[in-house]
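Breakdown of the fold
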Amino acid sequence: MYDLLLKGGHVVDPANNRNGRFDIAIRDGRIARISPDIARSEAAEVLDVSGLLVLPGLVDIHVHASSEFQGPVAHRMLALAGVTTAMDMAGPIDDVLAIAREHGAGINLACLNRVKPGEMVDSADPSAKELRDGIAAALDRGALGVKIMGGHFPLTPEANGRVFEIANELGAWAAIHCGSTENRSDLTGLREALDLKGRNHVHIAHINSYCRGAVKDPQLEAIQAIEWLTEAENLVTESYLAVINGTSGICIDGIPESDRTRACLQQGGYPATEEGLRRAILEGFGRVNVIEGDRAVLRTGPEAVAVWEAAGTNVGISFPVNPPMPRLMLAAARDRAGRFVVDALATDGGGIPRNFTISAGLRLVELEVLTMADFVLKACTVPARLLGLTAKGHLGEGADADVAVVDAAAAEVRTTIAAGQVVAHHGVVTGRSTRIITLERGRKAVEAAGLQPIVTDLAESGFYKPHTA
Ligand SMILES: [Zn+2]
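If you're wondering where the values come from, they're calculated on a predicted model, not measured in any experiment.

Details of the overall build of the chain
Along its length, the chain carries 13 helices and 26 strands. Radius of gyration (C-alpha) of the chain: 21 Å, near the 23 Å computed for a compact globule of 469 residues. Projected onto the principal axes, the alpha-carbon positions of the chain cover approximately 70 × 50 × 50 Å. Taking all 469 residues of the chain together, the buried fraction comes to 57%. Pairs at least 24 residues apart make up 71% of the contacts formed inside the chain by residues separated by at least 6 positions.

Here's what the structure looks like:
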């Protein structure tokens, strides 16, 4: 007897060369059988998914699920968006674990701990010793690796290079939001990060965000980025499809703390000051991230200014700063051998309300920018390989029963299943716990936090081994 039968759906699973009508039987959290016809009588429960797409659960390697980014609702928003596995790209790890335990929605989550001056390290130019101790401590507390937040809390270029080196020595995941004390988070920051990484394995986040027209026309910037990425080795990349970004509203002495916030204001024609930010929110260019009910939403106008002021300016803010052509080009670009230049479709979403991989990604399929199989590769299969999760990102027999059931015409998720359990169905979240993807050395800390670990070996993952699709 199977636990659950998904009956009559259109399965897209490029890893197993399936693209057609199949029934999927689930038992003990895994795909037990996949076949053109499995009798209803063989399952305790049957979900009729005829007319719907059945995809592997989305694997989003760039999300936010910490207190700063509406963590309490982030898990629910991910489950509703069809995401079954995600990676928080900032931490701090202790905060992400606490929220995962309290507000879990049944999904799997990894966490990168940010290398922030005043937090993990003392200054913008930490020594190798300080970095080694800080990174090792984060891994021992359950983090999968670390992230440099060069657009928000920049380090010196030399310190960026040391972070890459040490994270690689420790077999951890190393990621960067490009930027340093010398170069901004734009095409110059991207070039700098590529030069600093040398032969090290590094994840460069949200490539589209370096193509906003700061250096030249956004389309030419995307062409340049694609050329550089095509030449680079040992690189993991993602891009997202949303027009809005996500940054901080914090102002200190009348000036936005984050260089990204200042750059966005300039891009929108506003002064890069607290007063400029106030006007931007009032006029709708700055959109305050607000929790309303069980999700985060974007708010503008006088009410949003009041929220921002009441929080002492400490709120998340989004600006419509991502031009369309770089988003399209980076999602679709291939090298001469036909391989995708950017590995994965991610969102930089989670608690930032832009979990658009299904809603925007299926539009790309409709426009034939991507085939449906390509879409699944970039949104599910490849990112699972990058994380070393061989039982995820596909729907072969024996795989984890992580599934997204999608209405293609509406470009909406109907049902999300993780480890064989329905975690979201028709807008209602039923998942509760969180499993944490960690290294062997983080297992104890995850268990001590009351969470179930999924141990991955990055040495065997696409992060450290070839992963082209
Ligand atoms: Zn991010």
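Moving on from the coordinates now.
Regarding helix α11 (residues 357–366)
Thr357, Ile358, Gly361, Leu362 and Leu364 are the residues of α11 that are buried. End-on view of α11: buried residues confined to an arc of 145 degrees, all on one side of the axis. Contacts from the buried residues of α11 go to β6 (58–64), α10 (324–332), β19 (344–345), α12 (372–386), β21 (403–407) and β22 (412–418). Just downstream of α11 lies Glu368, where phi reads positive at about 65 degrees.

As for unusual backbone geometry
At the junction of Gly91 and Pro92, the peptide bond is cis and its omega measures out at -5 degrees in the coordinates. Structurally, Pro92 is set in the loop between β7 (83–88) and α2 (93–103). You will see that Asn17, though not glycine, has its phi angle at about 55 degrees, which is positive. Position of Asn17 relative to the elements: it lies in the loop between β1 (2–13) and β2 (18–27). For Asn17, a count of 8 C-beta atoms within 10 Å puts it in the exposed group.

Overview of the domain arrangement of the chain
When the domains of the chain are assigned, the result is domain 1 (2–55 + 393–430), domain 2 (57–243 + 322–391 + 431–469) and domain 3 (247–320). Taken over C-alpha atoms, the centre of domain 2 sits 24 Å from the centre of domain 3. Facing 14 residues of domain 2, the contacting portion of domain 3 comprises 16 residues. Among the residues forming the side of domain 2 that touches domain 3, the class breakdown is six nonpolar, five polar and three charged.

Re the packing of helix α4 (residues 157–169) against helix α5 (residues 187–197)
Geometrically, a packed helix pair is captured by the angle between its two axes and the distance between the axes. Between α4 and α5, whose axes approach to 9 Å, the crossing angle comes to 50 degrees. Classified by the interaxial angle, the pair formed by α4 and α5 is oblique. Classified by chirality, the crossing of α5 by α4 is right-handed. Judged by residue contacts, Pro157, Asn160, Gly161 and Phe164 of α4 engage Glu192, Ala193, Leu196 and Lys197 from α5. Classifying every residue of the contact of α4 with α5 gives four nonpolar, two polar and two charged.

Focus on the pairing of strand β8 (residues 108–114)
Judged by how many residues are buried, β8 sits mostly within the fold: seven of seven residues are covered. Residues Asn108, Ala110, Leu112 and Arg114 point to one face of β8 and Leu109, Cys111 and Asn113 to the other, with burial holding for every one of them. In terms of strand pairing, β7 meets β8 through four bridges, oriented parallel. Looking across to β8, one finds that Thr85 is bridged to Asn108.

Some remarks on the packing of helix α8 (residues 274–283) against helix α9 (residues 302–310)
At a minimum axis separation of 7 Å, α8 and α9 run at an interaxial angle of 140 degrees. The angle between α8 and α9 falls in the class oblique. Our pair here, α8 against α9, has a crossing hand that is right-handed. Contact with α8, carried on its side by Arg278, Ile281 and Leu282, involves Pro302, Ala304, Val305 and Trp308 of α9 and no other residues of that element.

A short note on the nonpolar core
Core analysis: the largest hydrophobic core is formed by 159 residues, its most contacted members being Ile24, Val54, Leu78, Val146 and Val163. Top contributing element to this core by residue count: α12, with eight residues. Contacts of Val54, omitting those with residues within four sequence positions, involve Leu6, Gly9, His10, Val11, Ile24, Val49, Val403 and Val405.

Remarks on the sheet that holds strand β18 (residues 316–318)
Strand order in this open sheet of four strands is β13-β18-β16-β17, and the pairing throughout is antiparallel. The open sheet terminates on both sides in strands that have one partner only, identified here as β13 (247–248) and β17 (295–299). Taken strand by strand, α9 contacts β16 (287–292) and β17, and its axis lies near 80 degrees from that of β16.

Thresholds applied
Residues numbered from 1 in each chain as written. Predicted model: local features only at pLDDT ≥ 70, side-chain atom pairs only at ≥ 80, totals over all residues. Helix = DSSP H or I, 4+ residues; strand = E, 2+ residues; numbered from the N terminus. Rg over C-alpha atoms; globule rule 2.2 N^0.38 Å. Buried ≥ 20, exposed ≤ 12 C-beta atoms within 10 Å, placed from the backbone. Contact = placed C-beta atoms within 7 Å. Arc of directions from axis to C-beta. Domains from an automatic or database assignment. Nonpolar A, V, L, I, M, F, W, Y, C, P; charged D, E, K, R; others polar. Axes fitted to C-alpha atoms, helices over the stretch in contact; angles between N-to-C directions. Parallel < 35°, antiparallel > 145°, perpendicular 65-115°, else oblique. Left-handed = near helix turned anticlockwise from the far one by under 90°. Pairing = 2+ DSSP bridges. Core = buried A, V, L, I, M, F, W, Y, C linked by C-beta atoms within 7 Å.

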